[in-house]
Amino acid sequence: MSADDARPDDTAGSDDGDEFNVFLSRETVAGDDEGPLAGKTVAVKDNISTAGIPTTCGSAMLDGYVPPYDATVVERLCEAGATIVGKTNMDEFGMGGTTETSAYGPTKNPVDPEHVPGGSSGGSAAAVAAGEADLALGSDTGGSVRNPAAFCGVVGIKPTYGLVSRYGLVAYANSLEQIGPLATTVEDAAALLDAIAGPDEHDATTRYDAAEGGAAAVSDAADVPDDVHPADATEYAAAADGDVDGMTIGVPTELVEGADDAVVDVFEDALADLEARGAETVEVSLPSVEHAVQAYYVIAMSEASSNLARFDGVRYGIDGGEGNWNESFARSREEGFGDEVKRRVLLGTYALSAGYHDKYYKKAQDARAWVKQDFDEALAEADVLATPTMPVLPPKRGESLDDPLSLYLMDANTVPVNLANLPAISVPAGEVEGLPVGMQFVGPAFGEETVIRAGSAVEE
Amino acid sequence: MTATDDGGASDADAGVVDPDEVRHVADLARVDLDDEEAAAFAEQFADVLDYFAALDEVPEVEDEPDLVNVMRADEVRDGLTQEEALANAPDSEAGFFKGPKVS
């Protein structure tokens, strides 16, 4: 591939009836005839491997890449009877909060096409919001399922780290990311979680044996024996019963104060409604979250700089042409990666480089431990925590592209959850001037049932 | 961007990133940059690194790692076929990946 044709046509998807540029490929994979998701259509984010179907991660680097195997979640979708209808657009390698950094052009928000759908799983959220699929899978590294769910007015769940297999997910930041479901209702999203969650011999982080250092060692929140994975002992869809009578909801002041007034109004109305239905609210404090966004980006960028080293134009990626090995790699990556990916790979390399490791990376790990500790203390006082999902309304397309820092700050309410490896849900709580506002609930590790129950109460 | 003698970066470094430093990091990361990109990144990196400097205020926290390394038995099992493994390579020859010359 020459430099001239390396960049894919950024109008792809606009002339095939895909008015919001939701799909990067539309190929149907029929699931088994029977199963809990029989008859349901599912759109899959384009960083989740599908055997024989292109998987580009929204990057020119992987234009034309066809994985030789299925991700575990894809196998489980088919076993559950779901039909895959296509691969969805996304911020390149999951790096972005608006789905504008895709090499294949931005996705439009079906609620209002002048606005972004959120990111990085914007194609998946838009597929559900536009009725192009009943359900969708996204991936959430710092909020990338919850953010587009909030901006598109749908439901998104970020599972506890270790609940869902990451085998076959093209890695961006291993220690943070989880595949998560999107749907129009909490019950449907939970049913999709039922289908994909569970231990996987291909992904050691799904192990659940306390004695061997598996996930049971980290939490006793899930009321199951130490050697049983929570997904094998739980039916998440059944938890969507709307019953919050007697539930204690903690409201972290730090994550409400920073949000726009219009967003806070919708959030407080929804909270008052839950109180009317028997929930009790208490104020809790998370002093560490002031440093969470910095810690998140240092860790995510550092992991990205390592993970993306594999794209060298030899095993896959754009051919870097003649010259010595280093020159060829550098040319392949110059042509294949977009600005945001380069920015993060370079900043991650910087944060890990000699003399800066202690200043940035080690401090970020300290901040991560502090965030976890804060959440543990807050969740000792409350069953679940509630915040606005996004502190702002969906921006207009093009508005935030040139200012990376303002984009990073949008993630203030979602990234702490990934740093602490906890489960969270975003549910539509209302609208402001026709634009959706999402409400987030955060629970203890493997406490998916609690966040699903709280979320389902908001939609009633 | 040079590490100081004590192996740490001084506070004075925050907010000062010039295009040459960006190029040095880009070299380490094996990413070519044109002049325009190097200049734009230098400006943006100053802002972002300035923002990251707030991590200096974070206290040390005792942390038990959630997950520990777990090794499985090293057993031979089926993997990709040679054909599958090579299918996405831009260039291959006689069953091997073909890379650039190591000069």
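Residues numbered from 1 in each chain as written. Chains lettered and ligands numbered in written order. Predicted model: local features only at pLDDT ≥ 70, side-chain atom pairs only at ≥ 80, totals over all residues. Heavy atoms only, no water.

(A) Quick look at the overall build of chain B. Per the secondary structure count, chain B includes three helices and two strands. Out of the 103 residues belonging to chain B, those deemed buried represent 28%. Summed over all atoms, the accessible surface of chain B reaches about 7200 Å², with 46% contributed by carbon and sulfur. (Helix = DSSP H or I, 4+ residues; strand = E, 2+ residues; numbered from the N terminus. Buried < 20%, exposed > 50% of the residue type's maximum accessible area, 1.4 Å probe, protein only. Areas by Shrake-Rupley, 256 points an atom, 1.4 Å probe, with all protein chains shown as cover.)

(B) Representation of the nonpolar core within the structure. Residue and element names in this part refer to chain A. Core analysis: the largest hydrophobic core is formed by 152 residues, its most contacted members being Leu77, Phe93, Leu346, Met439, Phe441 and Ile452. When residues of this core are assigned to their parent elements, the largest contribution, 10 residues, is made by helix 7 (residues 292-307). The contact partners of Ile452, leaving out residues within four places of it in the chain, are Ile157, Val186, Ala190, Leu193, Tyr236, Ala239, Ala240 and Ile425. (Core = buried A, V, L, I, M, F, W, Y, C linked by side-chain atoms within 4.5 Å. Contact = heavy atoms within 4.5 Å.)

(C) Looking closely at the interface of chain B and chain A. Of the residues lining the interface, 55 residues belong to chain B; the matching set on chain A comes to 67 residues. Buried surface at the junction of chain B and chain A, both sides included, amounts to about 5400 Å², of which 66% is carbon and sulfur. Close ionic contact of B:Asp56 with A:Lys359 constitutes a salt bridge, the shortest N to O distance being 3.8 Å. Applying the counting rule to chain B against chain A returns 12 residue pairs in polar contact (both at pLDDT 80 or more). Put simply, the parts of the chain that give the side of chain B that touches chain A at least two residues each are helix 1 (19-28) and helix 2 (35-52) of chain B. Classifying every residue of the side of chain B that touches chain A by side-chain character gives 30 nonpolar, seven polar and 18 charged. (Buried area = accessible area lost by both parts, 1.4 Å probe. Salt bridge = Lys/Arg side-chain N within 4 Å of Asp/Glu carboxyl O. Polar contact = N/O pair within 3.5 Å; in protein donor to acceptor, adjacent residues only side chain to side chain. Nonpolar A, V, L, I, M, F, W, Y, C, P; charged D, E, K, R; others polar.)

(D) Spotlight on a negative patch on the surface. A grouping of A:Asp260, A:Asp261, A:Asp265, A:Glu268, A:Asp269 and A:Asp273 is seen on the molecular surface, where their side chains present a negatively charged patch. For A:Glu268, the location among the structural elements is in helix 6 (residues 261-276). (Patch = residues over 30% accessible without salt bridge, like charges linked within 9 Å, V, L, I, M, F, W, Y side chains within 5 Å. Lys, Arg positive; Asp, Glu negative; His and termini not counted. Charge placed at Lys NZ, Arg CZ, Asp CG, Glu CD.)

(E) Up close: the UniProt feature "active site" (unreviewed entry) in chain A. Residues and elements named next belong to chain A. According to UniProt, the positions carrying the feature "active site" (unreviewed entry) are Lys45, Ser120 and Ser144. For this annotated set, covering 100 residues, all C-alpha atoms fall within 11.0 Å of each other, a compact arrangement in space. Along the polypeptide, Lys45 turns up in strand 2 (residues 41-45). When near neighbours in sequence (up to four residues on either side) are disregarded, Lys45 contacts Lys87, Thr88, Met90, Ser120, Ser121, Ser124, Leu137, Gly138, Ser139 and Ser144. Of note, Ser120 is situated in the loop between strand 3 (83-88) and helix 2 (122-129). (UniProt positions renumbered as here; feature names shortened; annotations may be inferred.)

(F) Representation of the environment of B:Val76. Here B:Val76 is to be found in the loop between helix 2 and helix 3 (82-86). Sequence-wise, B:Val76 and B:Gly95 are 19 residues apart; in three dimensions their C-alpha atoms are separated by 21 Å.

(G) Region of interest: the side chain of B:Glu37. Inspection of the secondary structure assignment puts B:Glu37 in helix 2. Among all residues touching B:Glu37, those that are not within four sequence positions of it are A:Glu334, A:Asp339, A:Lys342 and B:Asp32.

(H) Examining unusual backbone geometry more closely. With an omega of 0 degrees, the peptide bond between A:Gly119 and A:Ser120 qualifies as cis. Phi angles above zero are rare outside glycine, and A:Cys57 is one such case at about 55 degrees. When you line up the elements, A:Cys57 lands in the loop between strand 2 and helix 1 (72-79). Positive phi is not limited to glycine here, since B:Ala94 has a value of about 50 degrees. Tracing the backbone through its elements, the reader meets B:Ala94 in the loop between strand 1 (92-93) and strand 2 (96-97). Since its relative accessible area comes to 69%, B:Ala94 is described here as exposed.

(I) Here's a closer look at the side chain of A:Ser456. Residue and element names in this part refer to chain A. Along the chain, the position of Ser456 falls in helix 13 (residues 448-459). Residue Ser456 is classed as buried on the basis of its relative accessible area of 1%. One polar contact links the side chain of Ser456 to the main-chain amide nitrogen of Gly242, over a distance of 2.9 Å.

(J) Quick look at the packing of helix 1 of chain B against helix 2 of chain B. All names here are of chain B. Axis separation between helix 1 and helix 2 bottoms out at 8 Å; the angle between their running directions is 105 degrees. By the angle between their directions, the pair helix 1 and helix 2 is classed as roughly perpendicular. Residue-level inspection shows Pro19, Val22 and Arg23 of helix 1 in contact with helix 2, the latter providing Asp35, Ala38, Ala39, Phe41, Ala42 and Phe45. Broken down by class, the residue content of the contact of helix 1 with helix 2 amounts to seven nonpolar, no polar and two charged. (Axes fitted to C-alpha atoms, helices over the stretch in contact; angles between N-to-C directions. Parallel < 35°, antiparallel > 145°, perpendicular 65-115°, else oblique.)

(K) Quick peek at the pattern of salt bridges. Counted under the stated rule, the structure contains 17 salt bridges over all chains. The residue A:Asp209 makes a salt bridge to A:Arg207 at a minimum N-O spacing of 2.9 Å. Across the pair A:Lys342 and A:Glu334 runs a salt bridge, and its minimum N-O distance is 2.9 Å. Each of A:Glu334, A:Lys342 and B:Glu37 takes part in salt bridges that share partners, so that together they form one network.

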